[in-house]
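This is what each chain is made of:
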Amino acid sequence: MAARHIVLRILLVVGVVGLLVASAVGVVLYRYWDGRAVSTVGELSFENPLRIPELEEGRVEDGRRVHELTASAGTTSFKPGLDTPTLGYDGSYLGPTLLMRRGEEVEVRVTNELDEGTTTHWHGMSLPAVADGGPHSPIAPGDTWTPTWTVDQRAATLWYHPHPHEQTEDQVRRGLAGMVIVEDERSDLLPHDYGVDDIPVIVQDRGFAADGAFEEGSAVGTQTGTLGDELLVNGTWDPHLGVTTERVRLRLLNASTARVYDYGFADDRPFLMVASDGGLLETPVPLDRIQLSPGERAEIVVEVEPRERVVLRSFAPDLGLGPLERFEGGDDNFDVLQLRAAADLDPSPEVPGALGDPPDFGPEDAVAERTFRLNGTGEINGESMDPERIDTVVRAGSVERWEIRGDGTAHSFHLHDVQFRVLAVDGDDPPPELSGWKDTVFLRSGIRFDLLVRFSHHADAETPYMYHCHLLRHEDNGMMGQVLVTEDGEGPDRIDAPHEHGG
Ligand code: C2O
Ligand code: CU
Ligand code: CU
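All of the points below concern the structure found in this document. (Residues numbered from 1 in each chain as written. Chains lettered and ligands numbered in written order. Predicted model: local features only at pLDDT ≥ 70, side-chain atom pairs only at ≥ 80, totals over all residues. Heavy atoms only, no water.)

Within the protein chain, the regular secondary structure consists of three helices and 34 strands. Taken over the C-alpha trace, the protein chain has a radius of gyration of 24 Å; the compact-globule value for 503 residues is 23 Å, and the two agree within 12%. Sorting the 503 residues of the protein chain into buried and exposed places 56% on the buried side. For the protein chain, the exposed area adds up to about 20,000 Å²; of that, 49% sits on carbon and sulfur atoms. Charged side chains in the protein chain number 42 positive and 88 negative. The centres of these two groups are separated by 4 Å. (Helix = DSSP H or I, 4+ residues; strand = E, 2+ residues; numbered from the N terminus. Rg over C-alpha atoms; globule rule 2.2 N^0.38 Å. Buried < 20%, exposed > 50% of the residue type's maximum accessible area, 1.4 Å probe, protein only. Areas by Shrake-Rupley, 256 points an atom, 1.4 Å probe, with all protein chains shown as cover. Lys, Arg positive; Asp, Glu negative; His and termini not counted. Charge placed at Lys NZ, Arg CZ, Asp CG, Glu CD.)

Protein coordination at the copper ion (ligand 2) comes from H121 (NE2) and H414 (NE2), with a distance range of 1.9 Å. Placement of H121 in strand β8 (residues 121-123) and of H414 in strand β29 (residues 411-415) is noted, with a sequence separation of 293 residues between them. For the pair H121 and H414, a shared accessibility class is recorded, and that class is buried. (Donors = N, O, S within 2.8 Å, 3.2 Å for Na, K, Ca; no water.)

Moving on: the environment of N112. On the secondary structure map, N112 appears in strand β7 (residues 105-112). On the accessibility criterion, N112 (1% relative accessible area) is buried. Put simply, N112 and Y89 are 23 residues apart on the chain and 9.3 Å apart in space, counted from C-alpha to C-alpha. Not counting residues within four places of it along the chain, the set of residues in contact with N112 comprises A71, G117, T118, I139, A140, P141, G142 and D143. (Contact = heavy atoms within 4.5 Å.)

Glancing now at the sheet that holds strand β27 (residues 392-395). If you trace the five strands from one edge of the open sheet to the other, you get β27-β34-β33-β29-β31, paired in mixed fashion. Strands with a single pairing partner mark the edges of an open sheet, and in this sheet they are β27 and β31 (440-443). Averaged over all neighbouring strand pairs, the angle between strand axes comes to 30°, with direction disregarded. (Pairing = 2+ DSSP bridges. Axes fitted to C-alpha atoms, helices over the stretch in contact; angles between N-to-C directions.)

This paragraph deals with the sheet that holds strand β28 (residues 399-406). Here five strands make up an open sheet; going across it, the order is β26-β25-β28-β32-β30 and the pairing mixed. A strand with exactly one partner marks an edge of an open sheet, and here the two such strands are β26 (379-380) and β30 (421-425). In terms of strand pairing, β28 meets strand β32 (residues 448-454) through seven bridges, oriented antiparallel. Opposite W402, over in β32, you have L451 as the bridge partner.

Counting residues in hydrophobic clusters, the biggest one holds 34 residues, and the most contacted among them are W402, F413, L415 and L451. Broken down by secondary-structure element, the contributors of at least two residues to this core are β25 (366-375), β28, β29, β30, β31, β32, β33 (460-468) and β34 (480-486). Once residues within four sequence positions are removed from consideration, F413 is found in contact with L374, W402, I404, F420, D439, T440, V441, L443, L451, Y467 and H468. If you look at the next biggest cluster of nonpolar residues, it comprises 33 residues, including M273, V302, V310 and L339. (Core = buried A, V, L, I, M, F, W, Y, C linked by side-chain atoms within 4.5 Å.)

Turning to the coordination of the copper ion (ligand 3), a few remarks are in order. Every protein donor of the copper ion (ligand 3) is listed here as H411 (ND1), C469 (SG) and H474 (ND1), and their distances to the metal cover 2.0 to 2.2 Å. Mapped onto the polypeptide sequence, the residues donating to the copper ion (ligand 3) form the spacing pattern H-x57-C-x4-H. Placement of H411 in strand β29 and of C469 in the loop between β33 and α3 (472-477) is noted, with a sequence separation of 58 residues between them. Comparing H411 with C469 shows no difference in burial state: the two are buried.

With that out of the way, let us pick up a nonpolar patch on the surface. On the surface, V13, V17, V21 and V25 cluster together into a nonpolar patch covering about 330 Å² of accessible area. Note that V17 resides in helix α1 (residues 2-34). Classification of V17 as partly exposed rests on a relative accessible area of 44%. (Patch = residues over 30% accessible without salt bridge, like charges linked within 9 Å, V, L, I, M, F, W, Y side chains within 5 Å. Salt bridge = Lys/Arg side-chain N within 4 Å of Asp/Glu carboxyl O.)

On to the environment of G207, then. As for its placement among the helices and strands, G207 is situated in the loop between β13 (198-206) and β14 (230-233). Its relative accessible area of 5% is what places G207 among the buried residues. Each C-alpha atom, one on G207 and one on R448, is 33 Å from the other, the two residues being 241 residues apart in sequence. Once you skip the residues sitting within four places of it in the chain, G207 turns out to touch A213, F214, E215, G228 and D229.

We now examine the pairing of β31. Burial along β31 is two-sided: T440 and F442 facing one way and V441 and L443 facing the other are all buried. Alignment of β29 against β31, held across four bridges, turns out to be antiparallel. For H411, the partnering residue across the bridge sits in β31 and is L443.

This next bit is on the packing of aromatic side chains. Aromatic ring pairs: the centre-centre distance and the angle between the two ring planes describe each pair. Under the counting rule described, the total for this entry stands at 18 aromatic pairs. Ring centres 5.8 Å apart and planes at 50° place the aromatic pair W122 and Y160 in the tilted group. Here Y160 lies in strand β11 (residues 156-161) and W122 lies in strand β8, a separation of 38 residues in the sequence. Judged by its relative accessible area of 1%, W122 is buried. Grouping aromatic residues by their ring pairs yields a cluster made of F372, W402, F413, F455 and Y467. Taking the ring centre of W437 as reference, the NZ or CZ of R421 above it sits at 4.5 Å. (Phe/Tyr/Trp six-rings, centres within 6.5 Å; stacked < 30°, edge-to-face > 60°. Lys NZ or Arg CZ within 6 Å of the ring centre and 35° of its normal.)

Moving on to the pattern of salt bridges. Where charged atoms from two side chains of opposite charge approach closely, those side chains can pair. In total, this model carries 45 salt bridges according to the counting rule given. Put simply, D205 and R259 hold a salt bridge, and the shortest N to O gap is 3.2 Å. Taken together, the positions of D205 in strand β13 and R259 in the loop between β17 (247-254) and β18 (261-265) put the pair 54 residues apart, joining distant regions of the chain. Residue classification places D205 among the buried positions, given a relative accessible area of 4%. Shared partners join several salt bridges into a network, and the residues in it are R59, E61, R64, E68, E105, E107 and R109.

A few words now on the side chain of T119. Assignment of secondary structure puts T119 in the loop between β7 and β8. A polar side-chain atom of T119 sits 2.7 Å from the main-chain carbonyl oxygen of G133. A distance of 2.9 Å separates a polar side-chain atom of T119 from the backbone nitrogen of H163. Apart from the residues within four sequence positions on either side, T119 is in contact with Y89, G133, G134, P135, S137, P138, I139, H161, P162, H163 and P164. (Polar contact = N/O pair within 3.5 Å; in protein donor to acceptor, adjacent residues only side chain to side chain.)

Right, here's the structure in full:
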């Protein structure tokens, strides 16, 4: 009797386990089958003129440059006959390009006309933590937030976007983002006639549902976040740019939530990379590809011949994930933007052989070393973001060496308030495209990145800066930590969480 009972039980367990194994195998096969590459190469007609976001110079009040931005909801028609519900600043999608000049004092008045809270973060800007616009600076619906700071950094292509706790991906995806251009005498030597030979190229991938809405879900199997199968450039679908000068400067901004692009031209022509995230390179670097992960920027200068048409393309990026990367966009190719050169091109300035300055600090100045592991899809050093927890305290003005590694899937690492240098990638010198000022680096899985960071003088013992993965799904999942910058490098372990103010 008892023996028969045991046999039945064993049979039952074997059956259940077998079913589980079979369904797991089925899921894996299905995911593999479904992970087909996306390609828009050769599919576009480039019929729409590239939208150029309005350049906002602001107005000068009491010696301060004042900008205003209003976030609100609207509807945008990207594709013929389709209306897409979107968010934007001063319009229905994206926002104006804010112009700032090195050395000046600025104020931005950000009004929230959304029906939800938001924040406005100045990505790449060095500024006091209370002006940084991270999760500790919520703007309640109906409120206006007015940060002010002095622009104390090199000319660069920066950007602004929301950063509310756990809501960043959603708000960026719906359309809240814009460019900031910081100018100085050096950057004036490059083409800088905005919209003519100095062009913002804000690239975002989106999927469109049948009713025009942006798709929210992920393709089956992606660990990195939502990947769209079509591109928008400055909010323009299927775009071309009329070029009227011999050389054109493209400010490439990856404002996508998860997708990595490897830019180049369809005919493989070389271009000059002149700037990375935080400013001009010391010397321009000739390249034929430049890979950018979400949040990263690069400025490139490309030459065109009269009447020619050449396509800026994104080739399959190297995500460092081997056979798995096809699920994360690693096999995807996109036509991004067609350049259409005029019959008569105006002459352009030569690109100077010397551009930016080298850093005035080196590894020997480092007073601390820290390590950060980005693992899974929502943790750094095994901990998930807690707005009340301080993870790191540093001394204002000090230099530190940060060793970063990402595991499991693709990640990136972004640190607020500073522009850092990449000292080494897997122990070797960084490639030229990573050898300038950076605030965001793509972490190939399992590879160690050594960063040299000099913190700013913006000490504040109560308001932290963020560091996080810029794959926004990961960021919202908690792959973010908080660093306090204080006068003496000492600080509390915990702070008060942000509280919604006014309303
Ligand atoms: Cu671009 Cu913390 O953000
Ligand atoms: Cu940032
Ligand atoms: Cu990540």
